[in-house]
Protein chains: 2
Amino acid sequence: MTRAPKPALKARKTPMQSRSRVTVDAIFEATIQVLLRDGMGALTTTRVAERAGVSVGTMYQYFPNKQALVYALNERYLDTLAGRIEAVCARMQGAPLAKMAEALVDAYWAAKTERAEVTRALYRSVVELDNDALLHAFAARADAATTAMFATACDGAVEDVDALNLTLASVIYGTVRNAFERGLTDSEARVLRGNLVAMCRAYICTFSG
Amino acid sequence: MTRAPKPALKARKTPMQSRSRVTVDAIFEATIQVLLRDGMGALTTTRVAERAGVSVGTMYQYFPNKQALVYALNERYLDTLAGRIEAVCARMQGAPLAKMAEALVDAYWAAKTERAEVTRALYRSVVELDNDALLHAFAARADAATTAMFATACDGAVEDVDALNLTLASVIYGTVRNAFERGLTDSEARVLRGNLVAMCRAYICTFSG
DNA sequence: CCAAAAGCTGAAGGTTCCTTCATATCCTGA
DNA sequence: TCAGGATATGAAGGAACCTTCAGCTTTTGG
């Protein structure tokens, strides 16, 4: 009895031909652009379809309703993000804690900055839907990866991995997001990024010292 | 030539009699409740008015449109928050840096936690409007207060107050928000809060040592 | 080449919502 | 007490939007 998260949120049809795969991608991209240009309030099915160069009906062949579209978009983004974090965690197994933290900052910072507008657009869209499920799933996946990584630190065994993980994850993700929301200049961003790493390092010394 | 932020966002009329002051408060409170119960997507003028126990027309006597209502709500909240931060900063003048940081964490954490649902509701609503202006104004006010405070630290002169402020502000505000968005248990929250303070302290030693 | 499947179209139904305004009630100061 | 400003009402206009569906075009597999 595995109930689907929300029956109305599942994709209606999976693209089979390459033509339709292109269409779906165009719809996603159009959604991002409309979100960027006009904001969530002006995200209408017509506008998205128009910008994607397809008709409204086409949209409804792949998404049962507008909400499902936004949901899928965020799902896709968070999936990629989680994948990146997992990759970094795998690569840093057995490294010293400080290096791990630095790598995590780098990865997250890069992910957010690379396509800054997209990030910003998505932040504007998650709010509408029942994002608890989505964000919780992401957090669980990321936490699993980072916790596993921290447990392999070569610094000597960490007493309370969960506490360490909770702290570093919250501080890093939170700070990066906050930095992102202020419109920092490049130099400010560099300073903050460096200081964030320094802070993690300083904390780790206290923690495992 | 000081152009108003957005002509349509200014209040239409200021309450004069006590009766109307009550009404406006009821409308604000109703907005929060609807936001909480049904989310931003279901925030309709009718619903708000109904919950506030007034008619739709009444709403439009104080707010030119729906957007202005949400805007005013956030403005009010951020104003209070900024006021609190300023108060803490004033009280901690001349203290050691570590104490300042701790007080800041306390204040911000308390402000967010005290009426957690309200905070959550507002987070859901800022996204819709042109929040850049609002958030930027808040950040500027808070930064001014904290920077001034840090400059009076009795630890010996800080080399680069702006860098210190940027770092601590971003880390503290960001982390608290992130902590708030995960649904932390009480014990997790306590641990994180303690570690955040420890982190700031560790960083400060590095910085001013 | 052909039939079936996949994909696409877009006008229109039906709903929801924002906002107005003419009217009615309440409050204050004289 | 009374006039006039302040406040409240809520039905209705009008605009915007989501979603459907019957029919058309393109692609695939044999």
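Owing to the predicted nature of the structure, the values given are computational and were not obtained by experimental measurement.

### Thoughts on the protein's contact with DNA strand D
And then number 1: The immediate surroundings of DNA strand D are formed by 24 residues, with Tyr 60 of chain A together with Ser 20, Thr 23, Ser 55 and Thr 58 of chain B found nearest.
And then number 2: Of everything in DNA strand D that lies within 4 Å of the protein, sugar and phosphate atoms constitute 72%.
And then number 3: A distance of 3.0 Å is found between a phosphate oxygen of DNA strand D and a side-chain nitrogen or oxygen belonging to Thr 45 of chain A.
And then number 4: Within the contact set of DNA strand D, a phosphate oxygen lies 3.0 Å away from a side-chain nitrogen or oxygen of Tyr 62 of chain B.
And then number 5: Mapped by element, the contributors of at least two residues to the surface near DNA strand D are helix 2 (45-52) and helix 3 (56-62) of chain A together with helix 1 (18-38) and helix 3 (56-62) of chain B.
And then number 6: Among the elements that take part in the surface near DNA strand D, helix 3 of chain B stands out by supplying four residues, more than any other.

### Here we look at the UniProt feature "domain: HTH tetR-type" (unreviewed entry) in chain A
And then number 1: Mapped onto the present numbering, the UniProt feature "domain: HTH tetR-type" (unreviewed entry) falls on residues 21-81 of chain A.
And then number 2: Helix and strand shares over residues 21-81 of chain A are 80% and 0% respectively, and the end C-alpha atoms of the span are 22 Å apart.

### Quick notes on the pattern of salt bridges
And then number 1: The tally for this structure, following the rule as stated, stands at 17 salt bridges over all chains.
And then number 2: One salt bridge in this structure joins Asp 143 of chain A and Arg 182 of chain B, with 3.2 Å as the shortest N-O distance. Taken together, the residues span two chains, with Asp 143 of chain A in helix 7 (residues 131-151) and Arg 182 of chain B in the loop between helix 8 (161-181) and helix 9 (186-208). Of the two residues examined, Asp 143 of chain A and Arg 182 of chain B, each falls in the buried class.
And then number 3: The closest approach of N and O atoms between Glu 181 of chain A and Arg 177 of chain A, which form a salt bridge, is 3.1 Å. Here Glu 181 of chain A and its partner Arg 177 of chain A are both found in helix 8 (residues 161-181), four residues apart, which amounts to about one turn of the helix.
And then number 4: If you follow the salt bridges from partner to partner, you end up with Arg 177 and Glu 181 of chain A together with Arg 177 and Glu 181 of chain B in one network.

Rules and cut-offs
Residues numbered from 1 in each chain as written. Chains lettered and ligands numbered in written order. Predicted model: local features only at pLDDT ≥ 70, side-chain atom pairs only at ≥ 80, totals over all residues. Heavy atoms only, no water. Near = heavy atom within 4 Å. Polar contact = N/O pair within 3.5 Å; in protein donor to acceptor, adjacent residues only side chain to side chain. Helix = DSSP H or I, 4+ residues; strand = E, 2+ residues; numbered from the N terminus. UniProt positions renumbered as here; feature names shortened; annotations may be inferred. Salt bridge = Lys/Arg side-chain N within 4 Å of Asp/Glu carboxyl O. Buried < 20%, exposed > 50% of the residue type's maximum accessible area, 1.4 Å probe, protein only.

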